[in-house]
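# Commentary on secondary and tertiary structure
What follows is the residue order along each chain.
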Amino acid sequence: SYGEDALGEGEWKMAAMLGAFLGWRALLVTVFFACLTGALVGLGLIALGRGSRKTHIPLGTFLGIAGILAFFAAEPVVAWYRGFLDG
């Protein structure tokens, strides 16, 4: 929406590596946690007056942290979510 690339090549490569290492289900959990955490940090920066909507925040940092979290917690999160689908 701003006419700029949102992700650099490094984030795509890191996501591909995480997907190869963790599997596609854990990659979905990783991307969700990374985006959620990045959005919260961005909103926090805006609230504190230290950033704006155009402040660049590298997603790679959040992908790394979320990848570690997903390594340990992806299976229970996916099982919990699938409980909603099974009814």
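Description of the structure in this document. (Residues numbered from 1 in each chain as written. Predicted model: local features only at pLDDT ≥ 70, side-chain atom pairs only at ≥ 80, totals over all residues. Heavy atoms only, no water.)

### Some details on helix H1 (residues 9–22)
- Spanning 14 residues, H1 covers 20 Å between terminal C-alpha atoms, matching the ideal 20 Å at 1.5 Å per step.
- Residues of H1 that are buried include every one of Glu11, Ala15, Leu18, Gly19 and Leu22, and no others. End-on view of H1: buried residues confined to an arc of 100°, all on one side of the axis. Structural note: H1 exposes Glu9, Lys13, Ala16, Ala20 and Phe21 on the side pointing more than 90 degrees away from its buried face. (Helix = DSSP H or I, 4+ residues; strand = E, 2+ residues; numbered from the N terminus. Expected span 1.5 Å × (residues − 1). Buried < 20%, exposed > 50% of the residue type's maximum accessible area, 1.4 Å probe, protein only. Arc of directions from axis to C-beta.)

### Comments concerning the packing of aromatic side chains
- A full pass over the atoms with the stated rule returns four aromatic pairs.
- A ring pair is formed by Phe21 and Phe71, whose centres lie 6.0 Å apart and whose planes are at 15°; its orientation type is stacked. One end of the pair, Phe21, is in helix H1; the other, Phe71, is in helix H3 (residues 59–86), with 50 residues separating them in the sequence.
- Summarising the aromatic geometry, the rings of Trp80 and Phe84 are spaced 4.9 Å apart at their centres and angled 85° between planes, so their arrangement reads as edge-to-face. You can see Trp80 and its partner Phe84 sitting in helix H3, four residues apart, about one turn around the helix. Across the pair, exposure class does not vary: Trp80 and Phe84 are exposed alike.
- Following the ring pairs from residue to residue traces out a cluster consisting of Phe21, Phe71 and Phe72. (Phe/Tyr/Trp six-rings, centres within 6.5 Å; stacked < 30°, edge-to-face > 60°.)

### Looking at the nonpolar core
- The biggest cluster of nonpolar side chains holds 13 residues, and the ones touching the most others in it are Leu22, Val29, Ala34, Leu59, Leu63, Ala70 and Ala74.
- The dominant element in this core, judged by the number of residues it contributes, is H3, at seven residues. (Core = buried A, V, L, I, M, F, W, Y, C linked by side-chain atoms within 4.5 Å.)

### Quick notes on the side chain of Thr30
- Its location among the elements puts Thr30 in helix H2 (residues 24–47).
- Since its relative accessible area comes to 0%, Thr30 is described here as buried.
- Ignoring sequence-local partners within four residues, the contact set of Thr30 consists of Leu18, Leu22, Leu63, Ala66, Gly67 and Ala70. (Contact = heavy atoms within 4.5 Å.)

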